[in-house]
Amino acid sequence: QVQLVESGGGLVQAGGSLRLSCAASGIIFSINAMGWYRQAPGKERELVAAITGGGSTNYADSVKGRFTVSRDNAKKTMYLQMNSLNPEDTAVYYCNTAAVVGGVRVFPKYWGQGTQVTVSS
């Protein structure tokens, strides 16, 4: 079955950086568009960064210019470099597929445990 394991979260001060990792198994990683989602308390889970198998990226406006998503298909691992963090970035971050079908982003059904990112001011 699909397994998604996020790591790298932690507590940082505003302006700091973190690098998240996502180890995937049970999927054909190299051909799947992948993405990072986050969910803050009381808010909906949202996609913040996506990357296709070919390396094309897309970002939510809220993180554009600060976050960089990358992937290593050989290692079946995706990364999220987060710079200039602010308290609004505090959330549980999840990795998952980020497929677009018929012009609509498919919201995943299965989720891993996620990794907590807490940014203090």
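Right, let's walk through the structure included here. Please read these numbers as outputs of a predicted model, since none were measured by experiment.

### Describing the overall build of the protein chain
For the protein chain, the helix and strand inventory stands at 0 helices and 12 strands. In the protein chain, the succession of helices and strands from N to C terminus is β-β-β-β-β-β-β-β-β-β-β-β. Computed over the C-alpha atoms, the radius of gyration of the protein chain is 13 Å, within 12% of the 14 Å expected from 2.2 N^0.38 for a compact globule of 121 residues. Once the C-alpha set of the protein chain is aligned to its principal axes, its extents read approximately 40 × 30 × 25 Å. When the 121 residues of the protein chain are sorted by exposure, 41% land in the buried category. Sequence-distant contacts, at least 24 apart, represent 58% of the contacts inside the protein chain between residues at least 6 apart. Averaging the locations of the 11 positively and 7 negatively charged side chains of the protein chain gives two centres separated by 7 Å.

### A word on the sheet that holds strand E7 (residues 67-72)
In space, the 4 strands of this open sheet follow the order E1-E3-E8-E7, with antiparallel pairing throughout. Only two strands of the sheet have a single partner each, and these edge strands are strand E1 (3-7) and E7. The mean angle between the axes of side-by-side strands here comes to 15°, regardless of whether they run parallel or antiparallel.

### Some remarks on the layout of surface pockets
The space that makes up the largest pocket amounts to roughly 160 Å³. Around the largest pocket, the lining residues are Arg 38, Gln 39, Ala 40, Lys 43, Glu 44, Glu 46, Pro 87, Glu 88, Thr 90 and Ala 91. The residue makeup of the lining of the largest pocket, split by class, is 3 nonpolar, 2 polar and 5 charged.

### What about the packing of aromatic side chains?
Aromatic ring pairs are defined here through the distance separating the ring centres and the angle between the ring planes. In this structure the tally under the stated criterion is 4 aromatic pairs. Residues Tyr 37 and Phe 107 carry aromatic rings whose centres are separated by 5.8 Å and whose planes lie at 85° to one another, so their mutual orientation is edge-to-face. Note that Tyr 37 is positioned in strand E4 (residues 34-39) and Phe 107 in the loop between strand E11 (104-105) and strand E12 (115-120), a separation of 70 residues in sequence. Residue Tyr 37 is classed as buried on the basis of its relative accessible area, which comes to 1%. Here Phe 107 falls in the partly exposed class, since its relative accessible area comes to 47%. By way of ring pairs, the aromatic residues Tyr 37, Tyr 94, Phe 107 and Trp 111 are connected into one cluster. Over the face of the ring belonging to Tyr 79 we find Arg 19, whose NZ or CZ atom lies 4.0 Å from the ring centre. Over the aromatic face of Trp 111 sits the side chain of Arg 45, whose NZ or CZ is 4.4 Å from the ring centroid.

### Structural notes on the nonpolar core
For soluble globular proteins, the rule of thumb is that nonpolar side chains tend to be buried together. With 28 residues, the main nonpolar core has Trp 36, Val 69, Met 78, Leu 80, Met 82 and Tyr 93 as its most contacted residues. In terms of nonpolar packing, the next biggest core, distinct from the first, is built from 6 residues, Ala 50, Tyr 94, Ala 98 and Trp 111 among them.

### Some details on the sheet that holds strand E2 (residues 10-13)
The strand order E2-E12-E9-E4-E5-E6 describes an open sheet built from 6 strands, whose pairing is mixed. Two strands close off the open sheet at either side, each with one partner strand: E2 and strand E6 (57-59). The average angle at which neighbouring strand axes cross in this sheet is 25°, direction not considered.

Rules used throughout
Residues numbered from 1 in each chain as written. Predicted model: local features only at pLDDT ≥ 70, side-chain atom pairs only at ≥ 80, totals over all residues. Heavy atoms only, no water. Helix = DSSP H or I, 4+ residues; strand = E, 2+ residues; numbered from the N terminus. Rg over C-alpha atoms; globule rule 2.2 N^0.38 Å. Buried < 20%, exposed > 50% of the residue type's maximum accessible area, 1.4 Å probe, protein only. Contact = heavy atoms within 4.5 Å. Lys, Arg positive; Asp, Glu negative; His and termini not counted. Charge placed at Lys NZ, Arg CZ, Asp CG, Glu CD. Pairing = 2+ DSSP bridges. Axes fitted to C-alpha atoms, helices over the stretch in contact; angles between N-to-C directions. 1 Å grid on protein atoms, 1.4 Å probe; cavity = no way out; pocket = protein on both sides within 12 Å on 5 of 7 lines; lining within 4 Å. Points joined across faces, edges and corners; volume = space filled by probe spheres on them. Nonpolar A, V, L, I, M, F, W, Y, C, P; charged D, E, K, R; others polar. Phe/Tyr/Trp six-rings, centres within 6.5 Å; stacked < 30°, edge-to-face > 60°. Lys NZ or Arg CZ within 6 Å of the ring centre and 35° of its normal. Core = buried A, V, L, I, M, F, W, Y, C linked by side-chain atoms within 4.5 Å.

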